[in-house]
Amino acid sequence: RAGTAVKVLTLARNSGLSRQAARALGCLLAANNSIQELDLMICGLDEGACVALFEELARRSGPSALRKLNIRVNALGRRGGAALAAAVQKGVLPLLEELSLFSCELGDEAGAEVLEALARRP
């Protein structure tokens, strides 16, 4: 039915989301054209789960509708940050307006990669 698309998906505080769940979520985002806000705060995502999520999202053939992404208090780490930066560089997140990475263990290198990718967006 028209007008019934999910625009906001909140999974916050579902600690311990596995790599398999993160990969499935990435596949959903890669195929979905309606989700504008995704809240994954405190989901226990480790570096491998974040890599899986963003690698699947990067497989998207066109731009995502995602405008807000909250992944605070998850362990993205260097590889997860690099995977996020790669997805941004590929152009699948052109509408992203809000990105919350508070307490994500990015480190200097991955943090710089994400910032550079965001700065290069059209």
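Structural notes, computed from the coordinates. All values derive from a computational prediction rather than experimental measurement. (Residues numbered from 1 in each chain as written. Predicted model: local features only at pLDDT ≥ 70, side-chain atom pairs only at ≥ 80, totals over all residues. Heavy atoms only, no water.)

## Digging into the side chain of Asn-74
For step 1, the next point in the chain: Locating Asn-74 in the fold gives a position in the loop between strand E3 (68-70) and helix H3 (77-90).
For step 2, the next point in the chain: Judged by its relative accessible area of 3%, Asn-74 falls in the buried class.
For step 3, the next point in the chain: Of the polar contacts made by the side chain of Asn-74, one reaches the backbone nitrogen of Leu-45; its length is 2.9 Å.
For step 4, the next point in the chain: A distance of 3.1 Å separates the side chain of Asn-74 from the backbone oxygen of Arg-72, its partner in a polar contact.
For step 5, the next point in the chain: The contact partners of Asn-74, leaving out residues within four places of it in the chain, are Leu-40, Met-41, Ile-42, Cys-43, Gly-44, Leu-45, Ser-103, Cys-104 and Glu-105. (Helix = DSSP H or I, 4+ residues; strand = E, 2+ residues; numbered from the N terminus. Buried < 20%, exposed > 50% of the residue type's maximum accessible area, 1.4 Å probe, protein only. Polar contact = N/O pair within 3.5 Å; in protein donor to acceptor, adjacent residues only side chain to side chain. Contact = heavy atoms within 4.5 Å.)

## Remarks on the environment of Leu-95
For step 1, the next point in the chain: Relative to the helices and strands, Leu-95 resides in the loop between H3 and strand E4 (98-100).
For step 2, the next point in the chain: What Leu-95 contacts, discounting residues up to four positions off in sequence, is Ser-64, Ala-65, Leu-66, Arg-67 and Arg-121.

## Points about the nonpolar core
For step 1, the next point in the chain: Leu-40, Phe-54 and Leu-93 are the most contacted members of the largest nonpolar core, which has 32 residues in total.
For step 2, the next point in the chain: Secondary structure elements with two or more residues in this core: helix H1 (19-31), helix H2 (47-58), H3 and helix H4 (107-119).
For step 3, the next point in the chain: Those residues within four positions of Leu-40 in sequence are excluded, and the remaining contacts are Leu-11, Ala-12, Leu-17, Leu-25, Leu-45, Leu-53, Asn-70, Ile-71, Arg-72 and Asn-74. (Core = buried A, V, L, I, M, F, W, Y, C linked by side-chain atoms within 4.5 Å.)

## Digging into the side chain of Ser-34
For step 1, the next point in the chain: Considering the arrangement of structural elements, one finds Ser-34 in the loop between H1 and strand E2 (37-39).
For step 2, the next point in the chain: A polar contact is formed between the side chain of Ser-34 and the backbone oxygen of Val-6, at a distance of 2.8 Å.
For step 3, the next point in the chain: Excluding anything up to four places from it in sequence, Ser-34 contacts Ala-5, Val-6, Lys-7 and Ala-65.

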